[in-house]
Amino acid sequence: MSIRSRVAAVATSVALAGAGMLGLASPASAGTTALICPSYPQIIDGSGGHKGARISCTGGSFFLAIRCETLDARKYRYWHYGNWAASGGTSTVWCDRYAKIIAAEPRTE
């Protein structure tokens, strides 16, 4: 399966449940090394209404990307990107205030 197919599969399979659980399939990194994320992204609450997520992965450097949606009537959607992390590290990312996370995926590029 190509990286684009895997990313598309991840994008369509990720869903945020009412309890704050996030379903995620880990995409493979470019090349022969696969990125392994043994757990789902952990949803975290920040100050002032911020929602965020973090994940730890192995198999190469990566970052976590989250799709956010505002809670107002416009329901504006946008992506935020976490820090680059080395294999075994943790990437953390936050939505703006008064927005929810609707998708999350670790990325290698």
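Everything numeric in this text was worked out from a predicted model, so none of it was measured.

K.L.:
Please give an account of the sheet that holds strand S4 (residues 77-81) that cites residues and values.
P.N.:
With antiparallel pairing, three strands are arranged side by side in an open sheet as S4-S3-S6. Since the sheet does not close on itself, it has two edges, and those belong to S4 and strand S6 (99-107), each with one partner. Put simply, the sheet's adjacent strands are angled 25° from each other on average, direction ignored. Inspection of the sheet shows strand S3 (residues 63-70) paired to S6 by eight bridges, in the antiparallel sense. By the bridge assignment for S6, Glu69 is matched with Lys100.

K.L.:
Give a detailed account of the sheet that holds strand S1 (residues 42-45), specifying residues and quantitative values.
P.N.:
What links the strands of a sheet is backbone hydrogen bonding, and the strands pair in either a parallel or an antiparallel sense. Spatially, S1-S2-S5 is the arrangement adopted by the three strands of the open sheet, whose pairing is antiparallel. Two strands bound the open sheet, and with one partner strand each, they are S1 and strand S5 (90-94). With strand direction ignored, the average angle separating the axes of adjacent strands in the sheet is 25°. Looking at chain direction, strand S2 (residues 51-56) and S5 are connected through five bridges and run antiparallel. The residue of S5 that forms the bridge with Ser56 is Thr90.

K.L.:
Residues and numbers for the pairing of S2, please.
P.N.:
Where S1 meets S2, four bridges bridge the pair, whose relative direction is antiparallel. Counterpart to Ile43 in the pairing with S2 is Ala53. Connecting S1 to the next strand, S2, in antiparallel fashion are five residues, including Gly48 with a positive phi near 65°.

Conventions used here
- Residues numbered from 1 in each chain as written.
- Predicted model: local features only at pLDDT ≥ 70, side-chain atom pairs only at ≥ 80, totals over all residues.
- Heavy atoms only, no water.
- Pairing = 2+ DSSP bridges.
- Helix = DSSP H or I, 4+ residues; strand = E, 2+ residues; numbered from the N terminus.
- Axes fitted to C-alpha atoms, helices over the stretch in contact; angles between N-to-C directions.

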